[in-house]
Amino acid sequence: MSDNASRTATAHVHGHSEEDYLRCSHGWKSWAFTLDHKRIGVMYLIAILISFLLGGVMALVLRAELFTPDKLFLSEDMYNQMFTLHGAVMTFLFLIPSIPAALGNFMLPVMLGVKDVAFPRMNLASFYLWVFGAIFFLMAILLGGLDTGWTFYTPYSTTTNTAVIAASMGVFILGFSSIFTGLNFLVTINTMRPAGMTWFRMPLFLWSLYATSIIQVLATPVLGITGLLLIAERTLGIGIFDPARGGDPVLFQHFFWFYSHPAVYIMILPAMGVVSELVSTFSRKPIFGYRFIAYSSIAIALLGFLVWGHHMFVSGQSALAATVFSALTFTVSIPSAIKVFNWLATMYKGAISLETPMCYALAFIFLFGIGGLTGLYLGALATDVHLHDTYFVVAHFHYVMVGGTLIAFLGGLHYWWPKMFGRMYNEMWARIACLIVFVGFNATFFPQFVLGSRGMPRRYARYDTEFVYFHQFSTSGAMLLGCGLMLCAGVLIHSLLRGRKAPANPWGSSTLEWKCSSPPPHHNFDWPPVVSAPYQYDHIVYDPNHQGYVEVEDIPEEEDELTNAPVESHS
Amino acid sequence: MSTTTAPSSEVAPSEHSDGGHDDHGHDPFLAHHFGSAKQQFDAGKFGMWLFLVTEILFFSGLFCAYAVYRSTHPEAFANADQYLDPMLGAANTAVLIFSSLTMAWAVRAAQLGQKQLLVRLLTITLSCASIFLGVKAVEYSHKWDLGILWASNFNPQAHAAHSPALLVLSIPAMITVVVTAILFGVGKSRKSEIMSKFWGCLLIAALAYFGGVGLGLTVPVIEGAITGEAAHASAEAGHHAAEGAHHAAAAEEAVEHAAGHATEHAAGDAVATTAAKSGSLEAAAIEQAAIDRTYTGIFFSIYYVMTGLHGFHILIGMGVIAWLLYRSLLGHFGPRYFGPVDFVGLYWHLVDLIWIYLFPLLYLIG
Ligand code: HEM
Ligand SMILES: [Cu+2]
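Residues numbered from 1 in each chain as written. Chains lettered and ligands numbered in written order. Predicted model: local features only at pLDDT ≥ 70, side-chain atom pairs only at ≥ 80, totals over all residues. Heavy atoms only, no water.

Enquirer: What is the right way to read the overall build of chain B from this model?
Expert: Check the secondary structure of chain B and you find twelve helices and zero strands. The helix and strand sequence of chain B, counted from the amino end, reads α-α-α-α-α-α-α-α-α-α-α-α. For chain B, buried positions account for 49% of its 366 residues. Carbon together with sulfur atoms contributes 68% to the accessible area of chain B, which is approximately 16700 Å² in total. (Helix = DSSP H or I, 4+ residues; strand = E, 2+ residues; numbered from the N terminus. Buried < 20%, exposed > 50% of the residue type's maximum accessible area, 1.4 Å probe, protein only. Areas by Shrake-Rupley, 256 points an atom, 1.4 Å probe, with all protein chains shown as cover.)

Listed below in structure tokens is the structure:
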């Protein structure tokens, strides 16, 4: 052992010469005007967590109201506003920027081995656009709320007297924020990869961000123009969506879903990328079918553009169009399933260690499985006609968006937390929080499948007494879920205050971000790092002196067991 | 015995000199996070192309709306044709195509480091943009005076009202002229070459706007002289409009009725049924006029949204070209660094290209 320790003691940690990014400069200005992608990532992280808190509180209020079939404390109007804002805040302010703009911003340049994204100023602008967009959302709340649903369907959105203009303006601005992030990522990955970082040596998280960025760049402008037209409709009465003037309200739905279906992949693709990293790292095995996973991200991104009509099966589209959209919808499940099977194959015979991030990854695979499979019922014409606009849909998209994106986001957050803030958290409590979230989530949303298939429509404040049991089950689950998330927040805050200092590589991961110190130095790498294929774990061994993993060039046969050293031993 | 990973410090000294973050001594325009000027250029160019893709998608929503309404209400488009003057559209098309030429030439001048030529070409490009806006202002104000507005406000009149619309639209240009002239004077008196040249060029461009207004006002006159028709370009349009207005005003009720049927995509059927019911051809004619009016209004909604957004892009383009002008006066561009001129050039060509689609789709549909 002592021999081993001396051998690895000289292991090199890149970037040791500089102060880390958190301490290299001080004062609020050094944050507000920073061009450092890491600080921008951290600001994004704080911003989206605040939005998540806001949206989460609204969710709990909604669920609380639904505890009884009759009015508990929310009027019908208030209820409408509440679910609209919950949906809009969660999708536009939280889910869409969550993984790409917070975790991605921080990690993409480091994982790629470069000093920053291609356009640091645009990156900062993207953050401030997000802030502006959020302010417009707040304005919408103050101006009397919004009750159109997050989908803003016309003609209702052109006639309601709630703050549609402020909210659409917000969506428009947030769209640009999202476009800036995506554009920056595409350019960074295309033109800045250092020598040795070939396309197929990129970590899969980067592939997923690449695919996500394609969607952000191609779909978001259409949302932008839709928002503008809606605003023009309300202010000038241009009539494009108004049947009384020859306009067509269904055109709005086409425009909206042309963006918003691809947008669900903006939410889920980065989550899949995170899970690919987690599964490989915590199975200590090269990812199975690297190229398939990489290509399937791109395939999902492209196919995702062809299926928007499945939201409009009952909006009066032609039978032919509906059939084609239905068939195309099914094709998306192929690349999705490829990923799931590859994760399972990676775990097969791997040395799985159940650290917190891995617990989240496993939860993701299970929940996304349910979410994805129930999507097939909605994509099939015969069943969707019955399930459309019921709680079945609500359950389906919560399984993908919460069970998928949120869970993966939390997994990624726990995984990269030591890197971002240089502190470890309490493993045990973090795992307990994960378990509570998992149980609470299923208790909340599984009953909703039953509710929906029995005919409970979505977006209703009052309901028939026959549904009481499942609604109460769901509300209780939601409270449990809320507690789990609070515990999770507590664990992370505790780590910031009291956490043990994190080593450069606490999990034995093989990608570049773990080669610089925790937290990374201001410029990530002083020199272009040496890049080899990702997901090779042979030369990464646990070193008790560092309480973390270090690299050795090659391992003699007899020391093989070192590679599989139990990770628990240092937690 | 195995060794540790190759200590990168051995590699560092050689690579540091061209990639080091604090080491921009030899190239003031190379950002620290790029490895080389070429990489920086490639990144900028690719970024600009992607941005153009988003622009295309942004407009494609409108082109989609256009296509949908053109297929569901072809009669509205046929009817709208009379209100637009293709010669003005053509004049603007020529101006923009010419500005694309000068912009492309400006890129070349930047690459060759021909500073003075670059400044001149950018000034011409900027002036062309101004002329374009001047012509557009004439068109918009004329439509305003004739009541040819978007859907809910589409109410064509026989004779153009005399409103100060053109004057109001020209206020920003007038302010720009005054401000640039003052700053030009200040620059002169302070003997600051860069300042006086910069504001001088902008002054020229601002004045070009009024050239555009002049062009917009004379084209119809010349047109009239050649074809021998009434000098006023829209006299014909006004005539048609008068008929429409007459019928429509006759039956407010008919408008509502028509509107009620508007959801049915077969407007013709609706008319036929109603006509049969009322048994009066006159009523049918009135209703037809009302329908035309309703739907033609939609055409103008699309017209204003498309040309308005395009005009907004022209304005943005003018802003960045002015910025280029300033930087070229400072002598920033040369064979080693010309990226921004190149990228703005791409943007400008796209703005032109969109107009090249808008022109036939909006003006040449008769
Ligand atoms: C795995 C493949 C998926 C399939 C086959 C699928 C299918 C569908 C279908 C057909 C609907 C329409 C339901 C209806 O009309 O009543 C729907 C709704 C929805 N899906 Fe998915 N989906 C999939 C994945 C996702 C993902 C990954 C997300 C988000 C991350 C998502 C989010 C949503 C949302 C938000 C709605 C509700 C839209 C509304 O407000 O009506 N879906 N899904
Ligand atoms: Cu969809």
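Resuming the write-up.
Enquirer: What should I look at first to understand the site of ligand 1 in this one?
Expert: All names here are of chain A. Lining the immediate environment of ligand 1, one finds 21 residues, of which Leu-378, His-388, Val-393, His-396 and Arg-458 sit closest. His-388 is positioned with one of its side-chain polar atoms (N or O) 2.7 Å from an oxygen atom of ligand 1. Contacts to ligand 1 include Arg-458, whose side-chain N or O atom sits 2.7 Å from an oxygen atom. At the level of elements, α9 (249-283), α12 (356-379) and α14 (391-421) are the ones that each hand at least two residues to the shell around ligand 1. Take the shell around ligand 1: its biggest share by element is five residues, from α14. A class-by-class count of the residues in the shell around ligand 1 yields ten nonpolar, eight polar and three charged. (Near = heavy atom within 4 Å. Polar contact = N/O pair within 3.5 Å; in protein donor to acceptor, adjacent residues only side chain to side chain. Nonpolar A, V, L, I, M, F, W, Y, C, P; charged D, E, K, R; others polar.)

Enquirer: How should I be thinking about the coordination of the iron atom of ligand 1 in this particular structure?
Expert: Coordination angles at a metal have ideal targets, namely 109.5 degrees for four tetrahedral donors and 90 or 180 degrees for six octahedral donors. All names here are of chain A. Of the protein atoms, His-396 (NE2) alone serves as a donor to the iron atom of ligand 1, at 2.4 Å. In this structure, the iron atom of ligand 1 is positioned 4.7 Å from the copper ion (ligand 2). Inspection of the secondary structure puts His-396 in helix α14. (Donors = N, O, S within 2.8 Å, 3.2 Å for Na, K, Ca; no water.)

Enquirer: When you look at the UniProt feature "transmembrane region" (unreviewed entry) in chain B in this model, what are you seeing that I'm missing?
Expert: Residues and elements named next belong to chain B. Under the UniProt annotation, the feature "transmembrane region" (unreviewed entry) is placed at residues 46-69, 89-110, 117-135, 165-186, 198-222, 302-326 and 346-365. Strand forms 0% of residues 198-222 and helix 100%; the C-alpha atoms that close the span are 36 Å apart. Taken end to end, residues 302-326 comprises 100% helix and 0% strand; its first and last C-alpha atoms sit 36 Å apart. (UniProt positions renumbered as here; feature names shortened; annotations may be inferred.)

Enquirer: Looking at this structure, I do not really get the nonpolar core. What am I missing?
Expert: One broad trend across soluble globular proteins is that nonpolar side chains are buried collectively. If you look at the biggest cluster of nonpolar residues, it comprises 264 residues, and the most contacted ones within it are Phe-92, Trp-343, Phe-364, Phe-409 and Trp-416 of chain A together with Phe-300 of chain B. Ranked by residue count, the leading element in this core is helix α4 (residues 76-112) of chain A, at 22 residues. When neighbours within four sequence positions are excluded, Phe-364 of chain A is seen to be in contact with Ile-268, Ala-271, Met-272, Val-275, Trp-343, Gly-369, Gly-403, Gly-404, Thr-405, Ile-407 and Ala-408 of chain A. (Core = buried A, V, L, I, M, F, W, Y, C linked by side-chain atoms within 4.5 Å. Contact = heavy atoms within 4.5 Å.)

Enquirer: In this structure, what is going on with the coordination of the copper ion (ligand 2)? I would like to understand it.
Expert: Within the protein, His-261 of chain A (ND1), His-310 of chain A (NE2) and His-311 of chain A (NE2) serve as the donor atoms for the copper ion (ligand 2), at 1.7 to 2.0 Å. Take His-310 of chain A: its relative accessible area is 14%, and that puts it in the buried class.

Enquirer: What am I meant to see in the packing of aromatic side chains here?
Expert: Describing an aromatic ring pair means giving the distance of the ring centres and the angle of the ring planes. Scanning the entire structure with this criterion turns up 72 aromatic pairs over all chains. It is Arg-39 of chain A that lies over the ring of Trp-31 of chain A; its NZ or CZ is 4.4 Å from the centre. (Phe/Tyr/Trp six-rings, centres within 6.5 Å; stacked < 30°, edge-to-face > 60°. Lys NZ or Arg CZ within 6 Å of the ring centre and 35° of its normal.)

Enquirer: In this structure, what is going on with the UniProt feature "domain: Cytochrome oxidase subunit I profile" (unreviewed entry) in chain A? I would like to understand it.
Expert: Under the UniProt annotation, the feature "domain: Cytochrome oxidase subunit I profile" (unreviewed entry) is placed at residues 31-532 of chain A. Here residues 31-532 of chain A is 71% helix and 0% strand, with 34 Å between the C-alpha atoms at its ends.

Enquirer: Can you walk me through a nonpolar patch on the surface in this structure?
Expert: Residues and elements named next belong to chain A. Residues Leu-54, Leu-138, Ile-141 and Leu-142 make up a contiguous nonpolar surface patch of about 390 Å² in total accessible area. With three residues, helix α5 (residues 120-142) is the largest single contributor of residues to the nonpolar patch. Looking at the secondary structure, you find Leu-54 in helix α3 (residues 37-65). (Patch = residues over 30% accessible without salt bridge, like charges linked within 9 Å, V, L, I, M, F, W, Y side chains within 5 Å. Salt bridge = Lys/Arg side-chain N within 4 Å of Asp/Glu carboxyl O.)

Enquirer: Could you clarify how one ought to interpret helix α2 (residues 37-72) of chain B in this entry?
Expert: Residues separated by three or four positions in an α-helix point in the same direction, a consequence of the helix having 3.6 residues per turn. The end-to-end C-alpha distance of α2 of chain B, which contains 36 residues, comes to 52 Å, matching closely the 52 Å that a straight helix rising 1.5 Å per residue would cover. A bend of about 25 degrees at Ser-60 of chain B is the largest found in α2 of chain B. (Expected span 1.5 Å × (residues − 1). Bend = angle between axes of the 7 residues up to and from the residue.)

Enquirer: Would you mind going over the environment of Phe-299 of chain B with me for this structure?
Expert: Residues and elements named next belong to chain B. Take Phe-299: it is sitting in helix α11 (residues 281-329). The class for Phe-299 is buried, based on a relative accessible area of 1%. Separated by 220 residues in the primary sequence, Phe-299 and Asn-79 have C-alpha atoms spaced 9.3 Å apart. In contact with Phe-299, not counting residues within four places along its chain, are Phe-77, Ala-80, Leu-84, Leu-362 and Ile-365.

Enquirer: Would you take a moment to explain empty space enclosed by the protein for this structure?
Expert: Rolled over the atoms, a probe with the dimensions of a water molecule shows which regions are left empty. Residue and element names in this part refer to chain A. Scanning all chains against the criterion turns up five cavities of 30 Å³ or more. Quantified by volume, the largest cavity comes out at close to 110 Å³. If you trace the largest cavity, you find 16 residues lining it, with Phe-92, Ile-96, Pro-97, Leu-174 and Ser-178 closest to the centre. Secondary-structure elements contributing two or more residues to the lining of the largest cavity are α4, α7 (164-191) and α8 (204-236). A per-class count over the lining of the largest cavity returns ten nonpolar, six polar and no charged. (1 Å grid on protein atoms, 1.4 Å probe; cavity = no way out; pocket = protein on both sides within 12 Å on 5 of 7 lines; lining within 4 Å. Points joined across faces, edges and corners; volume = space filled by probe spheres on them.)

Enquirer: Would you mind going over the packing of α2 of chain B against α11 of chain B with me for this structure?
Expert: Think of two packed helices as two axes; the pair is described by the angle between the axes and how far apart they sit. Residues and elements named next belong to chain B. Interhelical geometry of α2 versus α11 gives an angle of 165 degrees and a closest axis separation of 10 Å. Taken together, the axes of α2 and α11 lie roughly antiparallel to each other. The way α2 lies across α11 gives a crossing that is left-handed. The residues of α11 that touch α2, namely those facing Glu-55, Phe-58, Phe-59, Leu-62, Phe-63, Ala-65, Tyr-66 and Tyr-69, are Ile-298, Ile-302, Val-305, Met-306, Leu-309, His-310 and His-313. For the contact of α2 with α11, a count of residues per class yields twelve nonpolar, two polar and one charged. (Axes fitted to C-alpha atoms, helices over the stretch in contact; angles between N-to-C directions. Parallel < 35°, antiparallel > 145°, perpendicular 65-115°, else oblique. Left-handed = near helix turned anticlockwise from the far one by under 90°.)

Enquirer: I'm lost on the pairing of strand β1 (residues 540-543) of chain A in this one. Help?
Expert: Here is the key point about a regular strand: its side chains alternate between the two faces of the sheet. Residue and element names in this part refer to chain A. Side chains Ile-540 and Tyr-542 project from β1 onto one buried face, and the interleaved Val-541 and Asp-543 project onto a second face that is buried too. For β1 and strand β2 (residues 548-551), the ladder comprises four bridges, and the chain directions are antiparallel. Each bridged residue has a counterpart across the sheet, and for Val-541 the counterpart in β2 is Val-550. Hairpin connection between β1 and β2: a loop of four residues separates the two successive antiparallel strands, and Gln-547 in this loop has a positive phi of roughly 50 degrees. (Pairing = 2+ DSSP bridges.)

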